[in-house]
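Structural description and commentary
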Amino acid sequence: MRSSKEDSTGYVPLVGAGINYQAWSGGLFDVTLFAAFHYVTEIKYNNEFYAERDSAGVLWESPQGTQKGKYYELAGGVTVSKDLAVGRGITLQPYGGVQLSRLDGDEVYDHNYVLIPGLGHEHREGKIKDDGMVALFAGAGAFLSNGLGVRLEGRFVNQTSISLGALYNF
């Protein structure tokens, strides 16, 4: 028997700042170098029941519970993008790239064991570790001529996530 699920829940604020330098601009695409800082105030994961038997028939289980974390990330990388005029004063910018990052944070685990009577409740704290330093990302932004914009981005490989944000280019 085996059942497992671990997903983040809800929406959390992410604040950040960054700087871009357009290293090359051509007819087909632009290449931008960037440095960025992100801070996530809290992210919560619900861990559901997980159980399995080993080869000797012993039942091993993991608890139900929550895992909460907050972290900051320093990142730098390269983006390939293309600006497309889609309307009066509106620019759409699809992009993709690669980044190197350093992620550091803290987690709190709050678990209840459900299979083995008497084990009860456990509370632990730990450090958030990088899955790796390299992340691939892709997304699109829509910008008004006054610098206001919105962006939808997916990150893959390290700390897989989807984010939606508002921004101002000045």
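Residues numbered from 1 in each chain as written. Predicted model: local features only at pLDDT ≥ 70, side-chain atom pairs only at ≥ 80, totals over all residues. Heavy atoms only, no water.

**Considering the overall build of the protein chain**
Along its length, the protein chain carries zero helices and 12 strands. Along the protein chain, helices (α) and strands (β) appear in the sequence β-β-β-β-β-β-β-β-β-β-β-β when read from the amino end. Residue burial in the protein chain is summarised as follows: out of 170 residues, 27% are buried. Relative to all contacts within the protein chain whose residues are 6 or more apart in sequence, the contacts with residues 24 or more apart total 56%. A total of about 11300 Å² of accessible surface is found on the protein chain, and carbon and sulfur atoms cover 59% of it. (Helix = DSSP H or I, 4+ residues; strand = E, 2+ residues; numbered from the N terminus. Buried < 20%, exposed > 50% of the residue type's maximum accessible area, 1.4 Å probe, protein only. Contact = heavy atoms within 4.5 Å. Areas by Shrake-Rupley, 256 points an atom, 1.4 Å probe, with all protein chains shown as cover.)

**Brief notes about a nonpolar patch on the surface**
Taken together, the side chains of Leu84, Val86, Ile90, Leu92, Leu144, Leu148, Tyr168 and Phe170 present a nonpolar region at the surface, about 810 Å² in accessible area. Counting residues per element, the ones that place at least two in the nonpolar patch are strand 7 (84–87) and strand 8 (90–112). (Patch = residues over 30% accessible without salt bridge, like charges linked within 9 Å, V, L, I, M, F, W, Y side chains within 5 Å. Salt bridge = Lys/Arg side-chain N within 4 Å of Asp/Glu carboxyl O.)

**With respect to the side chain of Ser81**
Along the chain, Ser81 falls in strand 6 (residues 64–81). Residues contacting Ser81, with those up to four places away along its chain left out, are Phe29, Asp30, Gln93, Pro94 and Tyr95.

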